[in-house]
Every structure is written in structure tokens, then in C-alpha cells.
Amino acid sequence: MTDATATTEAASTVRAETDRAMRSLGRDIAALTRAGDVLILSGPLGAGKTTFTQGLGAGLGVRGSITSPTFVISRIHPSLVGGPALVHVDAYRLGGPDEIDDIDLDMTLPESVTVVEWGEDVAEGLSDDRLEIRIERHPDDTRTVHLRPVGARWDGVELPGGADRTAGNGEG
Ligand SMILES: Nc1ncnc2c1ncn2[C@@H]1O[C@H](COP(=O)(O)OP(=O)(O)OP(=O)(O)O)[C@@H](O)[C@H]1O
Ligand SMILES: [Mg+2]
């Protein structure tokens, strides 16, 4: 009888047939983001989390190439277009929520779009409002991307794949 905010009902699913389609989805999401947003990426090794983030960075117009850093946990990509920076975090080696606190993401969070690879069960504490992005990898190398908005920030935001849809099929 209390506030049963049905965030799951706003969840959507997008198919990404290729790495290019995955980048294109990242660009589409970039267009919806603003400073202060937190995106949590999950999915198995090689799922396409970094590939998605590359599209996100391209869409935001940030500096520097987005890679899977081996030793760096967090990297700041400043905007080239006067928008928010992209803070790209790889939580793979982090032990849990306590360790993510240690890297002081709160400092950059308000002026940035913060995206956390391997962020599930680690990065939720960063913000009550977040977009959870879970990538499912299929044997034929296609991917299904599950988008789950959490919190009031995403109310009324129309996410890609609201109805079943295939992201970019190589055109454009
Ligand atoms: N449909 C697809 N979507 C995304 N990536 C794809 C797709 N098909 C093939 N790929 C390839 O799969 C690889 C995905 O690697 P990527 O580094 O993005 O994954 P990741 O989830 O970040 O991995 P890690 O767990 O190591 O961080 C890339 O080489 C990409 O080109
Ligand atoms: Mg990666």
C-alpha cells in the first residue's frame, strides 16, 4: 500500500547485433544524459561494456580514447563541447562498495556522467538515481541490452527499446 514505484515496468530491451550497433546505442543514451548521471554497466567478460562506453563518449563529445584500462580504475574524459565530462570506472578489481568509496567519485560526479563497468552490487551507493545497463552476450556474438532506470531522475525519459527494437543495423 506504500510507494510501489514500478521502476521495472519502465525497463526496456534493445538488441545490438554488432559492436557498431552497441556504440550507436551508447550514442543514443548519451543524448539522454546530463551532469550528475550514473550509469551502471554489467555483463560477462567481453560483453561489450567498453564498446558501449565508447559510443557514450562519442555522443558526449569527450576527449581521449576509451579503452579497458589494465591498471587504471577510473579515468576522466573532459568534454570538448562544453558538456559534462565522462568519468569511466572499471570496478572489476574492486572488492565491493567500500572500495568504490575510496576512489572519491563523489568529487567528479556532479559535473560528469559517471559510468561504472562491473558496477553491479558495487556502485549502487553512488546515487539513488541511476541507469542500470545489463548486457547479455549470445553465442552468435549478438547482444541483448537491458536498460533499467532507477529513481525519479528517469521519470518520463523515453529510453531506446521501449518497445522491442533492434539498435542500428549498420546504417547511418
Ligand atoms: N554485438 C556486439 N556488441 C558489442 N561488442 C561486440 C559485439 N559483437 C562483437 N563484439 C566485440 O566484443 C568485444 C567486446 O569487448 P568489450 O571490451 O567492449 O567488452 P567488456 O564488456 O568491456 O569486457 P571486459 O569485461 O573485459 O571489460 C569487442 O571486441 C567487440 O568488438
Ligand atoms: Mg571493459
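Residues numbered from 1 in each chain as written. Chains lettered and ligands numbered in written order. Predicted model: local features only at pLDDT ≥ 70, side-chain atom pairs only at ≥ 80, totals over all residues.

A. Expanded view of the confidence of the model for the protein chain. On average, residues of the protein chain score 89 in pLDDT, and 88% of them are at 70 or above. Of the regions scoring below 50 in pLDDT, residues 1-8 engages in four contacts with residues more than four places distant in sequence or in other chains. Residue range residues 163-172 is modelled with pLDDT below 50. Its contacts to residues more than four positions away, or to other chains, number 19 contacts. (pLDDT = per-residue confidence, 0-100. Contact = placed C-beta atoms within 7 Å.)

B. Quick peek at helix 2 (residues 49-60). The terminal C-alpha atoms of helix 2 lie 16 Å apart, and with 12 residues this matches the ideal 16 Å at 1.5 Å per residue to within 8%. Of all 12 residues that make up helix 2, 10 are buried, and the element is covered over most of its length. Restricting attention to buried positions, one finds in helix 2 the residues Lys49, Thr51, Phe52, Thr53, Gln54, Gly55, Leu56, Gly57, Gly59 and Leu60. Next to the buried residues of helix 2 lie helix 1 (19-30), strand 2 (38-42), strand 3 (74-77), strand 4 (85-90), strand 5 (112-117) and strand 6 (130-137). Two residues or fewer past helix 2, Gly61 is found with a positive phi of approximately 70 degrees. (Helix = DSSP H or I, 4+ residues; strand = E, 2+ residues; numbered from the N terminus. Expected span 1.5 Å × (residues − 1). Buried ≥ 20, exposed ≤ 12 C-beta atoms within 10 Å, placed from the backbone.)

C. Expanded view of the packing of helix 1 against helix 2. It is the contact of helix 1 with helix 2, at a shortest axis distance of 7 Å, that shows an interaxial angle of 45 degrees. On the basis of the axis angle, helix 1 is oblique to helix 2. In the packing of helix 1 onto helix 2, the handedness of the crossing is right-handed. Contacts between helix 1 and helix 2 pair Asp19, Met22, Arg23, Ser24, Leu25, Gly26, Arg27, Ile29 and Ala30 from the former with Thr51, Phe52, Thr53, Gln54, Gly55, Leu56, Ala58, Gly59 and Leu60 from the latter. (Axes fitted to C-alpha atoms, helices over the stretch in contact; angles between N-to-C directions. Parallel < 35°, antiparallel > 145°, perpendicular 65-115°, else oblique. Left-handed = near helix turned anticlockwise from the far one by under 90°.)

D. Quick look at the site of ligand 1. Residues in contact with ligand 1 amount to 18 residues; listed here are only the nearest, Asp19, Gly48, Lys49, Thr50 and Thr51. Elements supplying a minimum of two residues to the shell around ligand 1: helix 1 and helix 2. With three residues, helix 2 is the single largest residue contributor to the shell around ligand 1. Its residues assigned to classes, the shell around ligand 1 comprises four nonpolar, eight polar and six charged. (Near = placed C-beta within 6 Å. Nonpolar A, V, L, I, M, F, W, Y, C, P; charged D, E, K, R; others polar.)

E. View of the environment of Asp128. Inspection of the secondary structure puts Asp128 in the loop between strand 5 and strand 6. Along the primary structure Asp128 and Arg153 are separated by 25 residues, whereas in three dimensions their C-alpha atoms are 9.0 Å apart.

F. Region of interest: the nonpolar core. Within the largest apolar cluster, 33 residues are counted, with the highest numbers of intra-cluster contacts made by Leu25, Leu39, Val115 and Ile133. Contributing elements (two or more residues each) for this core: strand 1 (12-16), helix 1, strand 2, helix 2, strand 4, strand 5, strand 6 and strand 7 (143-150). The element that contributes the greatest number of residues to this core is helix 1, accounting for five residues. (Core = buried A, V, L, I, M, F, W, Y, C linked by C-beta atoms within 7 Å.)

G. Expanded view of helix 1. Compared with an ideal rise of 1.5 Å per residue, which puts 12 residues at 16 Å, helix 1 spans 17 Å between its outermost C-alpha atoms and is within 8% of the ideal. For helix 1, every residue scored as buried is listed here: Ala21, Met22, Arg23, Ser24, Leu25, Gly26, Ile29 and Ala30.

H. Geometry of the environment of Glu17. Tracing the chain through its elements places Glu17 in the loop between strand 1 and helix 1. Counting along the chain gives 121 residues from Glu17 to His138, while the straight-line C-alpha distance between them is 9.8 Å.

I. View of the environment of Val89. Relative to the helices and strands, Val89 is located in strand 4. Along the backbone, Val89 and Ser74 are 15 residues apart, and their C-alpha atoms lie at a distance of 4.2 Å. Contact partners of Val89, with chain neighbours within four places excluded, come to Ile73, Ser74, Leu105, Thr114, Val115, Val116 and Glu117.

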